[in-house]
Amino acid sequence: MNETIDLMLAHSSVRRFTDEPIERADLEAIITAGRAASSWKNFQSYSIIVIQSEEKKQALYDLVPQPAILQAKAILFFVGDHNRASKAAELHGTDFDAKGTENLLISSVDASLAGQNALLAAESLGYGGVFIGMIRHQALAMAELFNLPDYTYPIFCIALGLPAQAHPVKPRLATEAIVFEEEYVEQDIEIIKSYDQIQTVYAGDRQTELWSERIVAQFGQAEQAETKVILEKNKLS
Ligand SMILES: Cc1cc2nc3c(=O)[nH]c(=O)nc-3n(C[C@H](O)[C@H](O)[C@H](O)COP(=O)(O)O)c2cc1C
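Residues numbered from 1 in each chain as written. Predicted model: local features only at pLDDT ≥ 70, side-chain atom pairs only at ≥ 80, totals over all residues. Heavy atoms only, no water.

Here the focus is the overall build of the chain. Scanning the chain from terminus to terminus reveals eleven helices and four strands. In terms of C-alpha radius of gyration, the chain reaches 19 Å, essentially the compact-globule figure of 18 Å for 237 residues. When its C-alpha atoms are laid out on the principal axes, the chain stretches across 60 × 45 × 40 Å. Considering only contacts within the chain whose residues lie at least 6 apart along the sequence, 81% involve residues at least 24 apart. As presented, the chain carries roughly 14200 Å² of accessible surface, and 54% of it is formed by carbon and sulfur atoms. Counting 20 positive and 33 negative side-chain charges, the chain places the averaged centre of each group 6 Å from the other. (Helix = DSSP H or I, 4+ residues; strand = E, 2+ residues; numbered from the N terminus. Rg over C-alpha atoms; globule rule 2.2 N^0.38 Å. Contact = heavy atoms within 4.5 Å. Areas by Shrake-Rupley, 256 points an atom, 1.4 Å probe, with all protein chains shown as cover. Lys, Arg positive; Asp, Glu negative; His and termini not counted. Charge placed at Lys NZ, Arg CZ, Asp CG, Glu CD.)

Have a look at this one:
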């Protein structure tokens, strides 16, 4: 179609990286492109911590043992951030209350748009990467390790580097299962079964469980992440 859409359609998460570094200019371009994303009322309610030291990567890996973290040449740590907003309240001498679901959505959506922009920019430069949301299961330790102040919380990391592996693009749900005309169309269970089959064929030997079993593992029990705790501690809930 065009270069941009081709790049988007070629996306596949990369979890293994070579030893080649990421050029400083490239990293800056990736971050600048990330930050060019839209944000709620231009609040830009997130911060990005750039992690490159072996020491910090190791500390992060000790908490979230995913090989991509150790192998990455740079990790972008996205923080939901209403701390700057608290400074605006200070400036105007007004009350400040950033608690609540809507405020959580504002910062989480802003960070997600910036993160996706950044990953695409990285892919356009020949790098690969993967989002790492599992950091939220260690939210309290993350807050301590990265010195997160009041009104902030960890959202996800993006591990980046030059790809040492290439997977074929992962098939998505059928268009009609996810894109509706004019109104919502509730799906029946067949759509789940048929996507399980598609994923099984795609994953081949690498498959350990069905796609629908992974969903059940996530949503079949009360949430495990520490996000609720960090939100309370940092005055966002
Ligand atoms: C918010 C978010 C968090 C994710 N967290 C992880 C993670 O902790 N570990 C991991 O290996 N992949 C993680 N992923 C990557 C997804 O598993 C991946 O995007 C999905 O399986 C689709 O595959 P693809 O990106 O190769 O198309 C995450 C993706 C998103 C959007």
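What follows continues from the structure just given.
Our next topic: helix H6 (residues 101–124). Between its terminal C-alpha atoms H6 stretches 34 Å, which fits the 34 Å expected from 24 residues at 1.5 Å a residue. Looking one or two residues beyond H6, the residue adopting positive phi is Gly126, at roughly 95°. (Expected span 1.5 Å × (residues − 1).)

Moving on, we come to the sheet that holds strand S2 (residues 74–81). Spatial strand order, S1-S2-S4-S3: four strands in an open sheet with antiparallel pairing. The strands lining the two open edges of the sheet, one partner per strand, are strand S1 (46–51) and strand S3 (128–132). Neighbouring strand axes in the sheet, compared pairwise and without regard to direction, differ in orientation by 20° on average. Bridge count between S3 and strand S4 (residues 152–161): five bridges; the pairing is antiparallel. Bridge pairing links Phe131 to Ile158 in S4. Contacts from helix H2 (residues 24–35) reach S1, S2 and S4 within the one sheet, and its direction differs from that of S1 by about 165°. Taken strand by strand, helix H3 (residues 54–63) contacts S1, S2 and S4, and its axis lies near 110° from that of S1. (Pairing = 2+ DSSP bridges. Axes fitted to C-alpha atoms, helices over the stretch in contact; angles between N-to-C directions.)

Attention shifts here to the side chain of Ser39. Within the element layout of this structure, Ser39 appears in the loop between H2 and S1. On the basis of relative accessibility, which here comes to 18%, the residue Ser39 falls in the buried class. Setting aside residues no more than four positions away along its own chain, Ser39 makes contact with Gln44 and Asp110. (Buried < 20%, exposed > 50% of the residue type's maximum accessible area, 1.4 Å probe, protein only.)

As a further point, take the environment of Pro171. Here Pro171 shows up in the loop between S4 and helix H8 (175–178). Taking the C-alpha atoms as reference points, Pro171 and Gln199, 28 residues apart in sequence, are found 7.2 Å from one another. Not counting residues within four places of it along the chain, the set of residues in contact with Pro171 comprises Tyr195, Ile198, Gln199 and Tyr202.

Moving on to the packing of helix H9 (residues 190–203) against helix H10 (residues 211–219). One can describe the packing of H9 onto H10 by two numbers: an axis separation of 8 Å at closest approach and a directional angle of 115°. Of the possible angle classes, the one that applies to H9 and H10 is roughly perpendicular. Here H9 contributes Ile192, Tyr195, Asp196 and Gln199 to the contact with H10, which in turn contributes Trp211, Ser212 and Arg214. Of the residues contributing to the contact of H9 with H10, the split by class is three nonpolar, two polar and two charged. (Parallel < 35°, antiparallel > 145°, perpendicular 65-115°, else oblique. Nonpolar A, V, L, I, M, F, W, Y, C, P; charged D, E, K, R; others polar.)

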